[in-house]
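Residues per chain, in single letters:
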Amino acid sequence: MKGSFRLSFLGFGADYEKAGSGISKNAPQKKPFFRFCEMYFGRFWKMLKLSMLTFLFCIPIVTIGPAIAGMTKVLRTYYLDKDTFIWHEFWKGFSQNWKKSLPAGLIDVLFGVSLICALNVYPAMGEQAAAAGGSSTPFTILCVISVSFALTVLMMNFYAMPMIVATELSFKNIIKNSFFLTCLGLKKNIITLLIVLLTAGFITICYLVSPVSLLLIPVWAISFLGFVIIFNSYPLIQKYVIDPFYEEQGKDNPEYDYLKPLDEDESVFTDKGGEEAPIEGKSAKKKKKGKTIS
C-alpha cells in the first residue's frame, strides 16, 4: 500500500433510582442489527444535523463528491465509536479529500444521467423496432446491461468514499480495490442495496401521500443511508485494505483501540463492571429504619 494513513433514548418504565450490575468490559459483542441501532439512535440528532449539512454542500452539484466525503469522514468516526465535532470533522473530510472525491462525484452524476437516458431511450427504440416488424430484444439487452453496470458502480461507491477518507491510496487503486471488494462482499452489498431501494420506495410512497415528505431526503435519508453503507462496508475495508497495511509494518491497527480494555497498570480505577451489587434506590431506603446521628 502506497502512502500513509490519516487515521485519525428513550427509556420507558425504567427505574433510574436503582443502578444495575454494570457492563463487563469482556462482555460479548452484540449482534450487528443491535449494534447498528445502538450506534445510530445513540447519535440520532447528530445524524439529522449531518444529513442537512451534507445536503447544503451538495446543492452546487459539482461539490457532491467532496460533500459525501465530508459526511463519510464523520460517519466513519461514529462507526469507530468516537465522538467528534460535526462541522470540524465534516470540513476536514471535505477539504482534505476533494481532489479524489470531486472526480468520483462527477463520475457518479455522469452515470446517473446516463442510466436515466438509457431507461428512456432503449425502451422507446425497442417499441419502434417492434412496430416496424423488427425485434426489440437487442434494446432490451442494452437496457439490462446499462442497469447492471449502474448497480455495479453504485456498489463500488460503498467502498470508494470510505477508502478516500481513510487511506492515501491513489485514485486508480481506490477504483480497483472498490471493484474487488464489491465482488468479495456481494452478500452485504445486496443487503445494503436492498435497504437503499426500500428507503427510496418508502420516500416515494410518502411523497405520493404528501409532497412535503421529500424533506425526508435532506433531513434524514442522506445520513441514514450513509451510515448503513459505512456499517456494512467498512469492516471489509479494514480486513482487506487497512489491516494488511499495518501487518506489513508489524503494528496493530489503531482503529481497533476502542475495543481493547485498558491494562490494569494504565487504568485510573479498576473496572468492576458486571461484578458490583445493584445500588438501592431512594424507594428502598425509605423502607429501612436506622438511627439518626446528630
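Notes on the structure follow.

So, how was this worked out
- Residues numbered from 1 in each chain as written.
- Predicted model: local features only at pLDDT ≥ 70, side-chain atom pairs only at ≥ 80, totals over all residues.
- Heavy atoms only, no water.
- Helix = DSSP H or I, 4+ residues; strand = E, 2+ residues; numbered from the N terminus.
- Buried < 20%, exposed > 50% of the residue type's maximum accessible area, 1.4 Å probe, protein only.
- Polar contact = N/O pair within 3.5 Å; in protein donor to acceptor, adjacent residues only side chain to side chain.
- Contact = heavy atoms within 4.5 Å.
- Patch = residues over 30% accessible without salt bridge, like charges linked within 9 Å, V, L, I, M, F, W, Y side chains within 5 Å.
- Areas by Shrake-Rupley, 256 points an atom, 1.4 Å probe, with all protein chains shown as cover.
- Salt bridge = Lys/Arg side-chain N within 4 Å of Asp/Glu carboxyl O.
- Phe/Tyr/Trp six-rings, centres within 6.5 Å; stacked < 30°, edge-to-face > 60°.

1. Regarding the side chain of Thr192
Tracing the backbone shows Thr192 in helix H8 (residues 186-209). By relative accessible area, Thr192 is classed as buried at 0%. In terms of polar contacts, Thr192 uses its side chain to reach the side chain of Asn232, at 2.9 Å. Ignoring any residue separated from it by four or fewer positions in sequence, one finds Thr192 in contact with Phe158, Val228, Ile229 and Asn232.

2. Some points on a nonpolar patch on the surface
Together, Leu186, Ile190, Leu194, Leu197 and Leu198 give the surface a local cluster of nonpolar side chains, amounting to about 500 Å² of exposed area. In this fold, Leu198 is placed in helix H8.

3. Remarks on the packing of aromatic side chains
What the rule picks out here adds up to 27 aromatic pairs. Ring plane angle 55 degrees and centroid distance 6.4 Å describe the contact between Phe57 and Trp91, whose orientation is recorded as tilted. Here Phe57 is found in helix H2 (residues 44-58), whereas its partner Trp91 is found in helix H4 (residues 86-96), with 34 residues between them in sequence. Residue classification places Trp91 among the partly exposed residues on the basis of a relative accessible area of 39%. An angle of 65 degrees between the planes, with centres 5.3 Å apart, marks the rings of Phe57 and Phe94 as edge-to-face. Within this pair, whereas Phe57 is found in helix H2, its partner Phe94 is found in helix H4, the two being separated by 37 residues in sequence. Classification of Phe94 as buried rests on a relative accessible area of 13%.

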